Amino acid sequence: MKQKSRISSTVRSVAEGGMLAALAFVLLALGSVFRVADITTSVLAGLCIFIVELKYRTFRALAVYLVTAVLAVLLLPVSWTVLIFVCFSGVYSALKRSVEIRFVRPFQQIVKLLLFTALYTAFAALAENLLNFALQGTVLKVGAFLVVGAAFFAADFVMSRLMTSGVLLTLLTNNRR
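Now for a quick tour of the structure.

What counts as what
- Residues numbered from 1 in each chain as written.
- Predicted model: local features only at pLDDT ≥ 70, side-chain atom pairs only at ≥ 80, totals over all residues.
- Heavy atoms only, no water.
- Helix = DSSP H or I, 4+ residues; strand = E, 2+ residues; numbered from the N terminus.
- Rg over C-alpha atoms; globule rule 2.2 N^0.38 Å.
- Buried < 20%, exposed > 50% of the residue type's maximum accessible area, 1.4 Å probe, protein only.
- Contact = heavy atoms within 4.5 Å.
- Core = buried A, V, L, I, M, F, W, Y, C linked by side-chain atoms within 4.5 Å.
- Phe/Tyr/Trp six-rings, centres within 6.5 Å; stacked < 30°, edge-to-face > 60°.
- Polar contact = N/O pair within 3.5 Å; in protein donor to acceptor, adjacent residues only side chain to side chain.
- Expected span 1.5 Å × (residues − 1).
- Bend = angle between axes of the 7 residues up to and from the residue.
- Patch = residues over 30% accessible without salt bridge, like charges linked within 9 Å, V, L, I, M, F, W, Y side chains within 5 Å.
- Areas by Shrake-Rupley, 256 points an atom, 1.4 Å probe, with all protein chains shown as cover.
- Salt bridge = Lys/Arg side-chain N within 4 Å of Asp/Glu carboxyl O.

A few points about the overall build of the protein chain
- When helices and strands are counted, the protein chain shows 7 helices and 0 strands.
- The N-to-C order of helical and strand elements in the protein chain reads α-α-α-α-α-α-α.
- Its C-alpha atoms give the protein chain a radius of gyration of 17 Å, within 12% of the compact-globule value 16 Å for 177 residues.
- With the C-alpha coordinates aligned to their principal axes, the bounding extent of the protein chain is approximately 65 × 40 × 25 Å.
- Per-residue burial for the protein chain yields a buried fraction of 38% across its 177 residues.
- Taking as baseline every contact in the protein chain between residues at least 6 positions apart, the subset at least 24 positions apart corresponds to 74%.

Next up, the structure:
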């Protein structure tokens, strides 16, 4: 009987991961169609990955992220929405909780800053090569880095509050009677 419940929980977790990957992909597709909502839809798609991270841990969240990112890159036109998801919101949502678990408070911020710098560098390189978008001038590049960094850490703060408040986790757990 234990074997059957373990199999059904594994099947359930794979099905939920697949549904959240599909939802993230649909959000990215909507962001590619409606260019006004590109940042919003990519952050909401990242929230789908964050839900998997909270419920099933890092490995499954990375798997859902990879599936969604590969589908988005292959099936959607190259756009800001896909680029923001692949470089920022998707991968960071999958790694956030494991960074906070593995490191103590002061080192968490250092690791997050290093992770942000690496993600931003990848984002800037891809934006320049794929979208022909390059910032001219050092002041503009530093300013963009600071603005995007402030938004990144604001999103990190909100995600931490969602994670520690327990409200999101309560909504995700099954309350069967």
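Observations concerning the nonpolar core
- Membership of the largest hydrophobic core comes to 34 residues, with the highest contact counts inside it found for I49, Y65, F85 and F88.
- For this core, the leading source of residues is helix α4 (residues 80–102), giving 9 residues.
- When near neighbours in sequence (up to four residues on either side) are disregarded, Y65 contacts I49, F85, V86, G90, V91 and A94.

As for the environment of I39
- Checked against the element boundaries, I39 lands in helix α2 (residues 38–56).
- Taking the relative accessible area as the measure of exposure, I39 reaches 52% and is therefore exposed.
- Through-space distance from the C-alpha of I39 to that of Y92 is 15 Å; in sequence the pair is 53 residues apart.

Some points on the environment of C48
- Note on placement: C48 falls in helix α2.
- Relative accessible area serves as the criterion here: at 4%, C48 is assigned to the buried category.
- Sequence separation between C48 and R60 is 12 residues, and the spatial gap between their C-alpha atoms is 12 Å.
- Sequence-distant contacts of C48, that is, excluding residues within four places in its chain, are made with L20, L23, A24 and L27.

Considerations on the packing of aromatic side chains
- Going through the model one piece at a time under the given rule, you end up with 13 aromatic pairs.
- When the centroid spacing of 5.7 Å and the interplanar angle of 45° are considered together, the rings of Y65 and F85 count as tilted. With Y65 in helix α3 (residues 58–75) and F85 in helix α4, this residue pair connects regions lying 20 residues apart in the sequence. With respect to class, Y65 is no different from F85; both count as buried.
- Feature note: the residues W80, F88, Y92, F116, Y120, F123, F133, F145, F152 and F153 constitute an aromatic cluster, connected by ring pairs.

Here's the deal with the side chain of T41
- Counting through the fold element by element, T41 comes out in helix α2.
- There is a polar contact of 3.2 Å between the side chain of T41 and the backbone oxygen of D38.
- Apart from residues no more than four positions distant in its own chain, T41 is found in contact with L27, G31 and T81.

Quick notes on α4
- With 23 residues, α4 extends 32 Å from end C-alpha to end C-alpha; this agrees with the ideal 33 Å at 1.5 Å per step.
- V86 marks where α4 bends most, by close to 45°.
- Burial analysis of α4 places 18 of its 23 residues in the buried class, the great majority of the element.

Here we look at a nonpolar patch on the surface
- Side chains of L44, L47, F157, V158 and L162 sit close together on the surface and give an oily, nonpolar patch of about 400 Å² of accessible area.
- Breaking the nonpolar patch down by element, the ones donating at least two residues are α2 and α6 (138–165).
- With respect to the secondary-structure elements, F157 resides in helix α6.

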